[in-house]
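Next come the chains, spelled out residue by residue.
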Amino acid sequence: MSDRLVARLRAVGCVFAEAEAAEIRRVLGHDDDATDAVVAARAAGTPLEQALGVARFAGVEVEVGDGVFVPRLRAEPLVDDAVAAAPDARVVVDLGCGSGAIAAALHRRLPQARVHAVDIDPVALRFAARNGRRHGFEAHLGDWWQALPRTLRGRVDLAVAYLPHVPTARLSGIAGDYRAHEPDRAVAGGADGLDPLRAVVAGMDDWMSPDGLLVTFVADEQHIAARTVAGARRVLFVLG
Ligand SMILES: C[S@@+](CC[C@H](N)C(=O)[O-])C[C@H]1O[C@@H](n2cnc3c(N)ncnc32)[C@H](O)[C@@H]1O
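Residues numbered from 1 in each chain as written. Predicted model: local features only at pLDDT ≥ 70, side-chain atom pairs only at ≥ 80, totals over all residues. Heavy atoms only, no water.

## Some points on the overall build of the chain
This is how the line gets drawn: By definition, any uninterrupted DSSP run of H or I lasting at least four residues is a helix, any uninterrupted run of E lasting at least two residues is a strand, and each is numbered from the N terminus. Atoms considered for the radius of gyration are the C-alpha atoms alone. The globule rule reads 2.2 Å times the number of residues to the power 0.38. Accessibility here uses a 1.4 Å probe with only protein chains present; expressed as a share of the type maximum, an area under 20% marks a residue as buried, one over 50% as exposed, and anything in between as partly exposed. Every residue pair with non-hydrogen atoms within 4.5 Å of one another is taken to be in contact. Only four residue types enter the charge count, namely Lys and Arg as positive and Asp and Glu as negative; His and the chain termini do not. Positions of charges follow a simple convention, taking NZ of Lys, CZ of Arg, CG of Asp or CD of Glu.
When you go through the chain residue by residue, the secondary structure sums to 10 helices and eight strands. At 18 Å, the chain has a C-alpha radius of gyration in line with the 18 Å of a compact globule built from 240 residues. The C-alpha extent of the chain, read off along each of the three principal axes, is 60 × 40 × 30 Å. For the chain, with 240 residues in total, the buried portion stands at 51%. In the chain, 59% of the contacts between residues at least 6 apart in sequence involve partners at least 24 apart. The positive charge centre, built from 27 side chains, and the negative charge centre, built from 32, are 3 Å apart in the chain.

## Brief notes about the nonpolar core
To be explicit about the condition: Definition used in this section: a nonpolar core is a set of buried Ala, Val, Leu, Ile, Met, Phe, Trp, Tyr and Cys residues joined via side-chain atoms within 4.5 Å. Boundary definitions for the domains trace back to an automatic or database domain assignment.
Grouped together as the largest cluster of nonpolar side chains are 43 residues, with contacts concentrated most on Leu78, Leu106 and Leu158. Of all elements in the fold, only β1 (54–57), β2 (60–63), α5 (76–85), α6 (101–109), β4 (114–119), α7 (122–135), β6 (156–161) and β7 (208–218) reach the threshold of two or more residues within this core. Top contributing element to this core by residue count: α6, with six residues. Here this core spans two domains, and each of domain 1 (4–63) and domain 2 (73–239) adds at least three residues to it.

## What to know about the domain arrangement of the chain
Defined as follows: Two parts placed together each lose some accessible area; with a 1.4 Å probe, that loss summed over both constitutes the buried area. Throughout this description, the term salt bridge denotes a Lys or Arg side-chain nitrogen within 4 Å of a carboxyl oxygen of Asp or Glu.
Once the domains are mapped, the chain shows domain 1 (4–63) and domain 2 (73–239). Residue-level contacts link 14 residues of domain 1 with 18 residues of domain 2. Of all residues in domain 1, the largest losses of buried area upon contact with domain 2 belong to Phe57, Ala58 and Glu63, amounting jointly to 43% of the total for that side. Taken together, domain 1 and domain 2 are joined by two salt bridges. Its salt-bridge partner being aspartate 177, residue arginine 42 comes within 3.0 Å of it at the nearest N-O pair.

## Some thoughts on the pairing of β1
Here is the rule we go by: By the convention used here, strands pair only if DSSP detects at least 2 bridges between them.
Examined bridge by bridge, β1 and β2 share four bridges and lie antiparallel to one another. For alanine 55, the partnering residue across the bridge sits in β2 and is valine 62. Counted along the chain from β1 to the antiparallel partner β2, the turn is two residues long, and its residue alanine 58 has a positive phi close to 45°.

## Quick notes on the site of the ligand
As a reminder, the rule being used: To be near a molecule or strand, a residue needs just one of its heavy atoms within 4 Å of it. Polar contact is defined as a pair of N or O atoms within 3.5 Å, subject to the rule that within protein one atom must be able to donate a hydrogen and the other to accept it, and that residues adjacent in sequence are counted only when both atoms are side-chain atoms. For the area figures, the Shrake-Rupley method with a 1.4 Å probe applies, and any residue is considered shielded solely by the protein chains shown. Gly is placed with the polar residues, together with every amino acid not listed as nonpolar (Ala, Val, Leu, Ile, Met, Phe, Trp, Tyr, Cys and Pro) or charged (Asp, Glu, Lys and Arg).
The environment of the ligand is formed by 16 residues, the closest being Gly96, Asp119, Asp143, Trp144 and Ala186. Between the ligand and the protein, one listed contact pairs an oxygen atom with a backbone N or O atom of glycine 98 at 3.5 Å. Tryptophan 144 is positioned with one of its backbone polar atoms (N or O) 2.9 Å from a nitrogen atom of the ligand. The protein chains hide 95% of the 590 Å² of surface that the ligand would expose on its own. Looking at side-chain class alone, the shell around the ligand contains nine nonpolar, three polar and four charged residues.

## Some words on the packing of helix α1 (residues 4–11) against helix α3 (residues 32–43)
Just so we agree on the cut-off: Angular values range over 0 to 180 degrees, each being the angle between N-to-C directions of two axes fitted as lines to C-alpha atoms, with helices fitted over their stretch in contact. Throughout this description, any angle smaller than 35 degrees is read as roughly parallel, any larger than 145 degrees as roughly antiparallel, any in the 65 to 115 degree range as roughly perpendicular, and the remainder as oblique. Less than a right angle of anticlockwise turn of the near helix away from the far helix marks a crossing as left-handed, whereas a clockwise turn marks it as right-handed.
Relative orientation of the contacting elements α1 and α3 amounts to 25°, with a least axis distance of 9 Å. Overall, the two elements α1 and α3 adopt an arrangement that is roughly parallel. Of the two elements, α1 crosses α3, and the hand of that crossing is right-handed. The residues of α3 that touch α1, namely those facing Leu5, Arg8 and Leu9, are Thr35, Asp36, Val39 and Arg42. Classifying every residue of the contact of α1 with α3 by side-chain character gives three nonpolar, one polar and three charged.

## Observations regarding the pattern of salt bridges
Under the criterion given, the structure shown has 19 salt bridges. As a salt-bridge pair, glutamate 23 and arginine 26 come within 2.9 Å of each other at their nearest N and O atoms. Linking glutamate 23 with arginine 26, this pair stays in helix α2 (residues 17–28), spanning three residues, or about one helical turn. Judged by relative accessible area, glutamate 23 falls into the buried class, the value being 13%. Between arginine 198 and aspartate 195 there is a salt bridge, and its shortest N-O distance comes to 2.8 Å.

The following block contains the structure:
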């Protein structure tokens, strides 16, 4: 049986038209006007999640929209590895939280923890604050650790950070829909992609508890340099 929505999505250039049609129906049901608006947004290159206003990530659903980083499936192992490595963590932070997808998933998986999320981008923080009310974490605007309440100094058991890590020369390789609709500072990591990691590692001694662990993501080819940045600190790298 032919599927008109799949055909329309394919006609506007969606490679994964079947999957997108299923997600549109899951979120919008049979609302034809809303479906037309999403197809038009996809034709204009808006990522599906931003067009729909929701993204699924690691067992939670968060609100997303224009100008906020779309949670990526490849970041889900950060949550799994963090929970496995620090199952008793009580003070947990998501550094560079975007919409707060990681914070929301961590709150679900670590119900004993107080989860705090930080982002420097006011647009991201508006989404994080809304998602925080729904998913039980606190969102703070500002620069990495400095955004956190001072009372958390020396008390962070677990920090999870899907940091901007794309080297300057690789920015043009990001898929066009995302590149055009996400801010530079959500992805750009400087010449070698590791400037945000350097900034975060520099704050670890002040903010982490003695056994505190940072779990973060780097590309395979960044691993050796990232290990050097981390030095002797407790950092678990998820590679991708
Ligand atoms: C790769 S995105 C990850 C977003 C979110 N964690 C996720 O996985 O969907 C990185 C985020 O770091 C934020 N960011 C960049 N520089 C920052 C800084 N100096 N302090 C706090 N957040 C920052 C960006 O605004 C962006 O939302």
